[in-house]
Every structure is written in C-alpha cells, then in structure tokens.
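Fold and contact review
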Amino acid sequence: DAGVIQSPRHEVTEMGQEVTLRCKLISGHNSLFWYRQTMMRGLELLIYFNNNVPIDDSGMPEDRFSAKMPNASFSTLKIQPSEPRDSAVYFCASRPQETYPYEQYFGPGTRLTVT
Amino acid sequence: KQEVTQIPAALSVPEGENLVLNCSFTDSAIYNLQWFRQDPGKGLTSLLLIQSSQREQTSGRLNASLDKSSGRSTLYIAASQPGDSATYLCGISSGSARQLTFGSGTQLTVLP
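Now for a look at the structure at hand. Predicted model only: the values in this text are computed from it and were never measured.

Topic: the interface of chain A and chain B
Where interface size is given, it is often the accessible area lost as the parts come together that is meant. Listed as interface residues are 17 residues of chain A and, on the opposing side, 20 residues of chain B. Buried surface at the junction of chain A and chain B, both sides included, amounts to about 1,600 Å², of which 55% is carbon and sulfur. Counting across the chain A and chain B interface gives four residue pairs in polar contact (both at pLDDT 80 or more). Residue classes in the side of chain A that touches chain B are distributed as eleven nonpolar, two polar and four charged.

Regarding the sheet that holds strand 3 (residues 19-25) of chain B
Strand-to-strand pairing in sheets goes through backbone hydrogen bonds, with the strands running parallel or antiparallel. Residues and elements named next belong to chain B. The strand order across the open sheet built from five strands is 1-3-8-7-6, with neighbouring strands paired in antiparallel fashion. Every interior strand has two partners, whereas the edge strands, strand 1 (4-7) and strand 6 (56-59), have only one. The sheet shows a mean angle of 15 degrees between the axes of neighbouring strands, direction not considered. Pairing of strand 7 (residues 62-67) with strand 8 (residues 72-77), which is carried by six bridges, proceeds in the antiparallel orientation. Bridging across to strand 8, Leu66 finds its partner in Ser73.

Points about the state of the cysteines
On inspection of all chains with the given rule, the structure shows two disulfides over all chains. Here A:Cys23 connects covalently by a disulfide to A:Cys92, the sulfurs 1.9 Å from one another. Between A:Cys23 and A:Cys92 the disulfide shows an S-S torsion of about 85 degrees. By sign, it is right-handed. Of this pair, A:Cys23 sits in strand 3 (residues 19-24) while A:Cys92 sits in strand 9 (residues 88-95); the two residues are 69 residues apart in sequence, bridging distant segments of the chain. Like A:Cys23, the residue A:Cys92 is buried in the burial classification. The disulfide bridge from B:Cys23 ends at B:Cys90, spanning 1.9 Å between sulfur atoms. Here B:Cys23 and B:Cys90 share a disulfide; its torsion about the S-S bond, 65 degrees, makes the bridge right-handed. Linking B:Cys23 in strand 3 with B:Cys90 in strand 9 (residues 86-94), this pair joins segments that are 67 residues apart in sequence. Since its relative accessible area comes to 0%, B:Cys90 is described here as buried.

Examining the pairing of strand 5 (residues 44-51) of chain B
Residue and element names in this part refer to chain B. By the bridge criterion, seven bridges tie strand 4 (residues 30-38) to strand 5 in an arrangement that is antiparallel. Paired with Gln34 across the two strands is Leu49, which belongs to strand 5. Counting the residues in the hairpin turn of strand 4 and strand 5 gives five residues, including Gly41, whose phi is positive at 70 degrees.

A look at the side chain of B:Ser73
All names here are of chain B. Among the structural elements, Ser73 can be located in strand 8. Polar contacts involving the side chain of Ser73 include one to the side chain of Trp35, which spans 3.1 Å. Excluding residues that lie within four positions of it along the chain, Ser73 makes contacts with Leu21, Asn22, Cys23, Phe25, Leu33, Trp35 and Ser65.

Section: unusual backbone geometry
With an omega of -10 degrees, the peptide bond running from A:Ser7 to A:Pro8 counts as cis. Following A:Gln80, the chain continues to A:Pro81 via a peptide bond in cis, the omega torsion being -5 degrees. Examined against the element boundaries, A:Pro81 turns out to sit in the loop between strand 8 (74-79) and strand 9. Its identity is not glycine, yet A:Asn51 carries a phi of approximately 50 degrees, on the positive side. Mapped onto the elements, A:Asn51 comes out in the loop between strand 5 (42-50) and strand 6 (53-56). Even without being glycine, B:Ala79 reaches a positive phi, approximately 45 degrees. Relative to the helices and strands, B:Ala79 is located in the loop between strand 8 and strand 9. You can call B:Ala79 partly exposed: its relative accessible area is 36%.

What counts and what doesn't
- Residues numbered from 1 in each chain as written.
- Chains lettered and ligands numbered in written order.
- Predicted model: local features only at pLDDT ≥ 70, side-chain atom pairs only at ≥ 80, totals over all residues.
- Heavy atoms only, no water.
- Contact = heavy atoms within 4.5 Å.
- Buried area = accessible area lost by both parts, 1.4 Å probe.
- Polar contact = N/O pair within 3.5 Å; in protein donor to acceptor, adjacent residues only side chain to side chain.
- Nonpolar A, V, L, I, M, F, W, Y, C, P; charged D, E, K, R; others polar.
- Pairing = 2+ DSSP bridges.
- Helix = DSSP H or I, 4+ residues; strand = E, 2+ residues; numbered from the N terminus.
- Axes fitted to C-alpha atoms, helices over the stretch in contact; angles between N-to-C directions.
- Disulfide = S-S within 2.5 Å.
- Buried < 20%, exposed > 50% of the residue type's maximum accessible area, 1.4 Å probe, protein only.

Quick look at the structure:
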C-alpha cells in the first residue's frame, strides 16, 4: 500500500482565496483525522471522522474551515476564505478498523502559505 | 483534557552518547503512546508504539518505556549518530475518539 496520500504537498495562495486540501486513506482504514501544525501551537487535532461521519469537529478553528468525507477512502479540508494565520502544515492520518492498539498512520502533510 | 509535555525542548549531544527524551501526560487513561520523528520540513515518521498494557518497546537503538501510573514515557537512544538529528514527538492516544494529543517535541542535534 502507498500509505496515506495528501495533495498538494505545497500550496501558496493569496488571502481571501479558497483552498482545498486532499487526503486519501490507506485501503481498509475507516477512521480519519486532520491535524494542523504551527510553530506557536504545535500539532493539534482539527476534526475526526469514523466511517465517513464527522464525530468530533471541536478543533476546527472557525466557520471558514470545513471538512468532508464523500467516500470511505477520500477526504477534503476546505478553507474559505483563507487568511495569513491559516499558514501551517496540515496532516491527515488514518487508522484501521476499531481494533486495538488504534495506531494512526500519517500522510506527508500539505504546507500551506497564505500571503 | 489530556495535556502532554516534553522535556527538554532542545538537546545537543556529541556523537556516540546515549540519551533520554522525556514525555509526561496528565490523564493515565490512555490507549497507546506513539513516538514520532520529524525531520525539518518533513512529515511524521512513526518510531515506536507502546500499548497501554505494555511497559516498553524496542527497535534497534531505540527503547521506549511507559509508566502510566506516573504519567511518564521515555525514549532512550543508544550510541547516537548525526543522522538521529531531528525533532522527536510523543503522541498520546486517549479520549472517546482515541485521538492523538502531542507534546511540543524535543529538537535533538547530534554533533559529529
């Protein structure tokens, strides 16, 4: 398996533009997590899906952020409109069926720069 | 709410030294603990996973321990090499979603 795939790897956009980040889960995994990494706040959880259903979105910073999982293997994280403070590295991670020890597998990340 | 602390924030050692990185957490009701390595500008590489029922895990020169009662984990690196230079993150799986809560990391530099 190719592992968790994220695209694009780098994104530079201007303030106010819409940004869409994409994530493909490892085949057979049914849980998906989106994390954001910044120098100030470190790695923090944004949203968690289980079986395509958003379970916990309490980490989503504001209404400008939205995430979807249109099918079992794919997810998008959208920011509209983007702001310079959204600049960060965004990681997605997937996890197999709900079986112990619940190990998460991370994608390579998308580095977002909003100017 | 789980809180994770990593000490020290940065560490510089000469090549060949053995070293210990520390991770502490506030809620002992965990599912597992994962140690990750992150190179500058790169993603997370999983190094070791310790299940909540385990005390330690070993992989090559790395040994991770877990003491749930005291809320502590250590990552021991033997015979350090310049290639070990990276930021090391510990992530604690807990909560209803079994999500990972991360510490702020330890930036390790191994000098040749």
